[in-house]
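# Summary of structural features
What follows is each chain in one-letter form.
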Amino acid sequence: MPVAQPARRALRDVVFVEGVRSPFGKARPDGLYAETRADDLAVAVLRGLLDRVPALPHDRIDEVAIAATTQRGDQGLTLGRSVAVLAGLPRTVPGFAIDRMCAGAMTAVTTTASAIATGMQDVTVAGGVEHMGHHPMGFDADPNPRFVADRLVDGDALVMGATAETLHDRYPHLTKERTDAYGAESQGRYAAALAAGRVEPDLVPVAVRSAELGWGLATADELPRPGTTIEGMRDLKTPFRPGGRVTAGNASPLTDGSTMCLLAAGDTAAELGLPVRMRLVSFAYAGVDPEVMGLGPIPATERALRTAGLTIDDIGLFEINEAFAIQVLAFTDHFGLADDDPRVNPDGGAIAVGHPLAASGVRLMTQLARHFEAHPEVRYGLTTMCVGLGMGGTVVWENPHHADYSGHVPAATEGTDR
């Protein structure tokens, strides 16, 4: 008898349908979410995401992947599954938790996108949550002493701020004056975006409770410092090195927050009438010396561009996570971009809005999708970030509003001019 042959599946387009985030709060005892559980924060954002896509039957969701850097306490218990159940999704919807430190949500996206591309899944939710007020970075971690004892890494490699100081040492032309100027620019761009109404559309209001004040509603980011000037930043403390260059003015603050996005196959989006905000073109992760982890976005971007058959000149919009200004300037300097290039973080970044570690990757994507809508002349953009212990991650996206968009379109318009 003939032996049955398994079907060979062609790769499918993966599209970013929608993305949202919570307002970001200060990771402090008096911060927005001081008395809010991390998993409840993620639940609120997941529900807010699904409210934005009413055409999606919830039983069509094939996976929920949620990242956290510290997976313990209210950020433990297999977040993807527990948050899905708490959010009221059908019990048939599975989920899992993921950790790639700061690139957790980015990895949740690329992991589930790979399943969609190969036909294993059709629709996924990917995101992240980080309650740094409840779980400070590295708290209760027990790094293997051989990292330092066997000289696998320098001791400073395990302290992210110290790695930023090392970047300053390696690239002395990237001065503190330049990073301070970048920090002030990030604050100014965020303030301009807020005034123009470009921030609020990404936000899901979150109910919060205080034992002292009662119930309230988080509707705005708590961290930005409008009116920040270079002069006002000049004498800030340098917590990672006496007389150093990394300060609270040119680095991201400690942050609580959550992000979620919906991904789908292009043909599934067409079938269900889901919006398409971006198409995933390529992605890559790369390793670098942990002592200079901020360089990670450079080789990750080079590999992602090479995989896509593109060059840096093809990229019209960049969303770079601003863990530290020096890390962003190392990237822009390498690729020949100006410190204040208007294509880079047009509405500011993590220095202003905050960086809830594993959640930040989807914030970058959500902002890029919004920029694509406003700039149909831009065909390609990218999201990129450095990652603790010496890594970087980059995702290249295509703008569906561009005249030459190459992704899946509904059958009614296939083969016609668009």
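The coordinates are above.
What comes next is a walk through the structure.

### Observations regarding the environment of Ile-66
One can find Ile-66 in strand S3 (residues 63-67). Looking at Ile-66, the relative accessible area reads 0%, which means it is buried. Residues Ile-66 and Ser-406 lie 340 residues apart in sequence; the distance between their C-alpha atoms is 29 Å. Not counting residues within four places of it along the chain, the set of residues in contact with Ile-66 comprises Leu-79, Gly-80, Val-83, Phe-96, Ala-97, Ile-98, Gly-127, Gly-128, Val-129 and Met-260.

### Section: the pattern of salt bridges
Between side chains of opposite charge, a pair can form when the charged atoms approach closely. Counting across every chain of the model gives 22 salt bridges. Taking the shortest distance from any N to any O, the salt bridge between Asp-339 and Arg-178 comes out at 2.8 Å. One end of the pair, Asp-339, is in the loop between helix H10 (325-334) and helix H11 (350-353); the other, Arg-178, is in helix H6 (residues 176-195), and 161 residues separate them in sequence. Accessibility expressed as a relative area gives 25% for Arg-178, which makes it partly exposed. Note that Glu-398 and Arg-379 form a salt bridge whose closest N and O atoms lie 3.0 Å from each other. Of the two residues, Glu-398 is situated in strand S12 (residues 391-398) and Arg-379 in the loop between helix H12 (360-374) and strand S11 (380-387); the sequence distance between them amounts to 19 residues.

### Section: the packing of helix H9 (residues 297-308) against H10
Where H9 meets H10, the closest approach of the two axes is 10 Å, and the angle between their N-to-C directions is 45 degrees. Taken as axis vectors, H9 and H10 run oblique relative to one another. Along the contact surface, H9 presents Pro-297, Ile-298, Thr-301 and Glu-302, while H10 presents Gln-327, Ala-330, Phe-331 and His-334. The residue makeup of the contact of H9 with H10, split by class, is four nonpolar, three polar and one charged.

### Let's talk about unusual backbone geometry
It is generally the case that most residues other than glycine have a negative phi and that most peptide bonds are trans. Even without a glycine there, the phi angle at Met-101 is positive, about 50 degrees. Checked against the element boundaries, Met-101 lands in the loop between strand S4 (95-98) and helix H3 (104-117). We classify Met-101 as buried; its relative accessible area is 17%. Despite not being glycine, Asn-345 shows a phi value in the positive range, around 45 degrees. Following the sequence through the fold, Asn-345 ends up in the loop between H10 and H11.

### What about helix H2 (residues 79-86)?
When H2 is considered as a whole, its buried residues turn out to be Leu-79, Gly-80, Ser-82, Val-83 and Ala-84. Tucked into the core, H2 has its buried residues touching helix H1 (38-51), S3, S4 and strand S5 (123-131). Following H2 by one or two positions, Gly-88 has its phi on the positive side, about 90 degrees.

### A closer look at the pairing of strand S7 (residues 214-218)
Working note: regular strand, side chains alternate between the two faces of the sheet. Relative to S7, strand S6 (residues 206-210) is paired through five bridges, and the arrangement is antiparallel. The residue of S7 that forms the bridge with Ala-207 is Leu-217. Between the end of S6 and the start of S7, which pair antiparallel, lie three residues.

Cut-offs used in this document
Residues numbered from 1 in each chain as written. Predicted model: local features only at pLDDT ≥ 70, side-chain atom pairs only at ≥ 80, totals over all residues. Heavy atoms only, no water. Helix = DSSP H or I, 4+ residues; strand = E, 2+ residues; numbered from the N terminus. Buried < 20%, exposed > 50% of the residue type's maximum accessible area, 1.4 Å probe, protein only. Contact = heavy atoms within 4.5 Å. Salt bridge = Lys/Arg side-chain N within 4 Å of Asp/Glu carboxyl O. Axes fitted to C-alpha atoms, helices over the stretch in contact; angles between N-to-C directions. Parallel < 35°, antiparallel > 145°, perpendicular 65-115°, else oblique. Nonpolar A, V, L, I, M, F, W, Y, C, P; charged D, E, K, R; others polar. Pairing = 2+ DSSP bridges.

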